[in-house]
Amino acid sequence: MTGSDLGPAHGPPEPAVVLDVWADVVCPWCYIAKHRLRRAIDGWNRPHEVLVRHRAYELDPGMPKGRPVPVARYLGEKYGGGEQAGVAMSSRVAQIGEQEGLRFDMGRALKVSSYDAHRLVALAREMGGPALEDAALERMFSAHFAEGLAIDDRDTLLRCAAEAGMDERRVASVLADDTYGDYVREDEEEARALGVTGVPFVVGNGRVAVSGAQPVEVFLELLRVAAQPPEAAAVVTSSAH
């Protein structure tokens, strides 16, 4: 018996738009973009036909585990101007995030390795599909930006993953080795192939892209264009926050 003999499939419909979102869980603009994108999807006329897939991207892949640094100090050293400049940068993005209804406490935020957090988000996708993936990602963002937690710490990751609805034993097993590390590396390799040099970076149906934490209206346009047949779609690109 062939597949065609079985009649039509009765699974969920294919999404009209697949959004691949490259983001880092220690990137404030990615947190803001996540919520703006959700508002755009909810405001679109076909929200249930959109699939969002988190794609891993480490802004600082060389960041050592277990050596947290206050975000303000890290930014001041990376971009110049010292810790005072880092505080100013942090305050600006926090104000924008709070306008989106997000809680930011940048005075407590710690720059850490995000590698293990990305691995757990990949595990969440395998365990519970897009819904659990989104819950795990949201929990990592909140832990980092609102609670000042070191999300490269094993116990912190275990607790956050459990609070997101993940199985603690499976999480502990993944953290004990490098499982799902290949997912992170493959996502980052694909980002490099696309020429991505910063995040957030959103690709709709593999052919239209938007860079940055864009206004809701820009994400709505991305959805509209991505849903069109390829021959009718114009490329939407933007890089301003």
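Before reading further, recall that the structure is shown in the block above.
Residues numbered from 1 in each chain as written. Predicted model: local features only at pLDDT ≥ 70, side-chain atom pairs only at ≥ 80, totals over all residues. Heavy atoms only, no water.

(A) Up close: helix α3 (residues 82-99). For α3, which comprises 18 residues, the first-to-last C-alpha distance of 27 Å matches the rise-based estimate of 26 Å (1.5 Å per residue) to within 8%. Buried within α3 are the following residues: Gly86, Ser90, Val93, Ala94, Ile96 and Gly97. For α3, the buried positions fall inside an angular range of 160° around the axis, keeping them on one side. In α3, the exposed positions that point more than 90 degrees away from the buried face belong to Gln84 and Gln99. Once α3 finishes, Gly101 follows within two positions and takes phi at roughly 85°, a positive value. (Helix = DSSP H or I, 4+ residues; strand = E, 2+ residues; numbered from the N terminus. Expected span 1.5 Å × (residues − 1). Buried < 20%, exposed > 50% of the residue type's maximum accessible area, 1.4 Å probe, protein only. Arc of directions from axis to C-beta.)

(B) Looking closely at the environment of Ala136. Along the chain, Ala136 turns up in helix α4 (residues 115-145). Taking the C-alpha atoms as reference, Ala136 lies 5.2 Å from Ala164; in sequence the two are 28 residues apart. Among residues more than four places away in sequence, those in contact with Ala136 are Val121, Ala124, Ala164 and Met166. (Contact = heavy atoms within 4.5 Å.)

(C) Summary view of the sheet that holds strand β5 (residues 201-204). Spatial ordering of the open sheet is given by β2-β1-β5-β6, a layout of 4 strands whose pairing is mixed. Edge positions in the open sheet fall to β2 (50-56) and β6 (208-211), since each of these has one partner strand only. Taken pair by pair, the neighbouring strands of this sheet meet at an average axis angle of 20°, ignoring direction. Here 7 bridges tie strand β1 (residues 17-23) to β2, and the two strands are oriented parallel to one another. Bridge pairing in β2 places Val21 opposite His54. Taken strand by strand, helix α7 (residues 181-194) contacts β1, β2 and β5, and its axis lies near 100° from that of β2. (Pairing = 2+ DSSP bridges. Axes fitted to C-alpha atoms, helices over the stretch in contact; angles between N-to-C directions.)

(D) Quick peek at the pairing of β5. Of the two faces of β5, the one holding Phe201 and Val203 and the one holding Val202 and Gly204 are both buried throughout. Where β1 and β5 come together, 4 bridges link them in antiparallel fashion. Among the inter-strand pairings, Val21 is bridged to a residue of β5, identified as Val202. In the sheet, β5 pairs with β6 via 4 bridges, with the strands oriented antiparallel. Note that in β6 the partner of Gly204 across the bridge is Val208. Linking β5 to β6, which pair antiparallel, is a turn of 3 residues; within it Asn205 sits at a positive phi near 50°.

(E) Looking closely at the layout of surface pockets. Its volume calculated, the largest pocket comes out at about 590 Å³. If you trace the largest pocket, you find 30 residues lining it, with Pro28, Trp29, Leu59, Leu75 and Tyr79 closest to the centre. When contributions to the lining of the largest pocket are tallied by element, the ones reaching two or more residues are α1 (28-43), α2 (71-79), α3 and α4. No other element matches the 5 residues that α2 contributes to the lining of the largest pocket. Partitioned by chemical class, the residues of the lining of the largest pocket number 18 nonpolar, 9 polar and 3 charged. Empty space within the second largest pocket amounts to approximately 410 Å³. (1 Å grid on protein atoms, 1.4 Å probe; cavity = no way out; pocket = protein on both sides within 12 Å on 5 of 7 lines; lining within 4 Å. Points joined across faces, edges and corners; volume = space filled by probe spheres on them. Nonpolar A, V, L, I, M, F, W, Y, C, P; charged D, E, K, R; others polar.)

(F) How the structure looks around the packing of α1 against α4. Interhelical geometry of α1 versus α4 gives an angle of 135° and a closest axis separation of 11 Å. Considering their axes alone, α1 and α4 lie oblique with respect to each other. For the element pair α1 and α4, the recorded crossing hand is left-handed. Residues Pro28, Cys30, Tyr31, Lys34 and His35 of α1 pack against Asp134, Leu137, Glu138, Phe141, Ser142 and Phe145 of α4. A class-by-class count of the residues in the contact of α1 with α4 yields 6 nonpolar, 2 polar and 3 charged. (Parallel < 35°, antiparallel > 145°, perpendicular 65-115°, else oblique. Left-handed = near helix turned anticlockwise from the far one by under 90°.)

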